[in-house]
Amino acid sequence: MRERQRRVDFTNSWMFGRVMTDESICRDVIRAVLGIEAVRIDYLNAEQVLDPAPESHGVRMDVYARERGSGERVYDLEMQAQREPLLGKRFRYYQAVLDVRELPAGDDYDRLPESFVVFLCSQDPFGYDLPVYHLERRCDEVPELRLGNASHWLALNARAWEDAPGGDLLDLLRYAQTGKALGSLSRKIEEAVGRANEDREWVDKVWSVSTIVENAARRERINGRIACEEAREEGRQEGRQEGRQEGLEEGSARFAALASRLIEAGRVDDLAQAASDPVRRDELFREFDL
């Protein structure tokens, strides 16, 4: 029997980045999500996306693009296929990276372009069952006061695709959640996904890179379970087991966030150390403020 070929789906961050290097698709997605007609897209990380080798790059953004035309905007579009308990800090981190890259040393702040950081999440990131979360910075004392800093954060919740306004946005979220290409945008994306999967060398690289994170996270879960069993042997007190389970789940999410940061920074050796050395892992948690 012929072995079934591996397939990389749209919700894989590497596939997401590759598909979005199709300028027509990228413009369509920006229009669907932001209502903006992008004039021309310049990709600032195309080589990074097309060569999935995390050790050879610094911070890795899924789609880092600049629009040029009548105005100038920058976009960071990210696929978030796993639950991310620290999504707010990820927004903050990527915004900082954008601003540092877009403002040359010595330039005034008014040179900062309008920016958009968008996470397409396969799970509800905040638990309010909304298809779109617009996260703008406001003043607590005066809610109507906006900073006007021309930076915008959006989190898309694919699980709530049925509640999306309709049109291409609903089509995009439904495709991300179900894999069903029923609209013009999703069919266009599915065709690009199919073409990318024909590049077997690239697909093999993506699977190899993805396995690094998966194996590290798996080792951390095993270590966590072993630690729980040892704690039970030492003595069980009423109510402590539930707390340990919560701590285990929190620890797994925390390590997944650390693994993602290290992959983005190209620090694969540190990721391997974090998976096997608790002392080094704690040092990295502190370094990334996790």
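Scroll up to find the structure this text is about.
Per-chain numbering applies: the sequence of each chain, read as written, is numbered from 1 onward. Selection of residues for local features in this predicted model requires a pLDDT of at least 70, selection of side-chain atom pairs for listing and counting requires 80 or more, and totals for whole chains, interfaces and linings are taken over all residues. Water and hydrogen atoms play no part in the side-chain values, which are based on all heavy atoms of the structure.

**Student:** Report on the overall build of the protein, specifying residues and quantitative values.
**Tutor:** Runs of E in the DSSP output that reach at least two residues are strands. Runs of H or I that reach at least four are helices, and both are numbered from the N terminus. Across its full length, the protein holds ten helices and six strands. In the protein, which comprises 290 residues, the share counted as buried stands at 44%. Accessible surface area values rest on a Shrake-Rupley calculation with a 1.4 Å probe, where residue burial reflects the displayed protein chains alone. Just so you have it, the protein exposes about 15900 Å², and 46% of that area is on carbon and sulfur atoms. We call a residue buried when its accessible area falls under 20% of the maximum for its residue type, exposed when it is over 50%, and partly exposed in between, using a 1.4 Å probe and counting protein chains only.

**Student:** Provide a residue-level description of the pairing of strand β4 (residues 114–121), including the pertinent values.
**Tutor:** A large share of β4 lies buried, amounting to seven of its eight residues. At least two bridges found by DSSP between two strands is the condition for calling them paired. Pairing between strand β3 (residues 72–80) and β4: eight bridges, direction parallel. Across the sheet, Y75 pairs through a bridge with F116, a residue of β4. The pairing of β4 with strand β6 (residues 151–157) spans seven bridges and is classified as parallel. Its bridge partner lying in β6, S115 is registered against S151.

**Student:** An account of the packing of helix α5 (residues 167–178) against helix α6 (residues 184–197) is needed here, citing residue identities and associated values.
**Tutor:** Angle between the axes and distance between the axes are the two parameters that describe a pair of packed helices. Following both chains from N to C, one finds α5 and α6 inclined at 40°, their axes separated by 7 Å at the closest point. Taken together, the axes of α5 and α6 lie oblique to each other. Residues D168, D171, L172 and Y175 of α5 form the contact with α6, whose own contacting residues are S184, L185, S186, I189, E190 and V193. Each residue gets one of three labels, nonpolar for Ala, Val, Leu, Ile, Met, Phe, Trp, Tyr, Cys and Pro, charged for Asp, Glu, Lys and Arg, and polar for the others, Gly among them. Partitioned by chemical class, the residues of the contact of α5 with α6 number five nonpolar, two polar and three charged. To obtain an axis, a line is fitted to C-alpha atoms, over the contacting stretch when the element is a helix, and the angle between two such axes runs from 0 to 180 degrees between their N-to-C directions. Under this scheme an angle from 65 to 115 degrees is roughly perpendicular, one under 35 degrees roughly parallel, and one over 145 degrees roughly antiparallel; angles in between are oblique. For this analysis, residues touch if any pair of their heavy atoms sits within 4.5 Å.

**Student:** Could you give me a rundown of the environment of V29, with the residues and numbers involved?
**Tutor:** You can see V29 is positioned in helix α2 (residues 23–34). Along the backbone, V29 and D168 are 139 residues apart, and their C-alpha atoms lie at a distance of 7.9 Å. In this structure, V29 is in contact with M20, L172 and L185, ignoring residues within four places of it in sequence.

**Student:** So what about a nonpolar patch on the surface? Which residues, and what values?
**Tutor:** Exposure above 30% relative accessible area and no salt bridge define the residues that can form patches, which grow by joining like charges within 9 Å and nonpolar side chains of Val, Leu, Ile, Met, Phe, Trp and Tyr within 5 Å. Whenever a carboxyl oxygen of Asp or Glu lies within 4 Å of a side-chain nitrogen of Lys or Arg, that contact is scored as a salt bridge. Taken together, F126, Y128 and L130 make up a surface patch of nonpolar side chains, about 320 Å² in accessible area. With respect to the secondary-structure elements, Y128 resides in the loop between β4 and β5 (132–135).

**Student:** Describe the packing of aromatic side chains, with residues and values.
**Tutor:** Ring pairs shown here join Phe, Tyr and Trp side chains whose ring centres sit within 6.5 Å, with only the six-membered ring taken for Trp; geometry is labelled stacked below 30 degrees between planes, edge-to-face above 60, and tilted in between. Enumeration over the complete set of coordinates arrives at eight aromatic pairs. The ring of W202 has R18 sitting right over it, with the charged end atom 4.7 Å from the ring centre. Against the face of W153 rests R137, its NZ or CZ located 4.0 Å from the ring centre. As a reminder, the over-ring test applies to NZ of lysine and CZ of arginine, requiring each to be within 6 Å of the ring centre and within 35 degrees of the ring normal.

**Student:** Can you explain unusual backbone geometry? Please cite residues and give values.
**Tutor:** One non-glycine residue, D129, lies in the positive phi region at around 60°. Among the structural elements, D129 can be located in the loop between β4 and β5. A residue is classified by how much of its surface remains accessible, and D129, at 55% relative accessible area, is exposed. At D289, a position not held by glycine, the phi torsion is positive, near 55°. Secondary-structure assignment places D289 in the segment after α10 (278–287).

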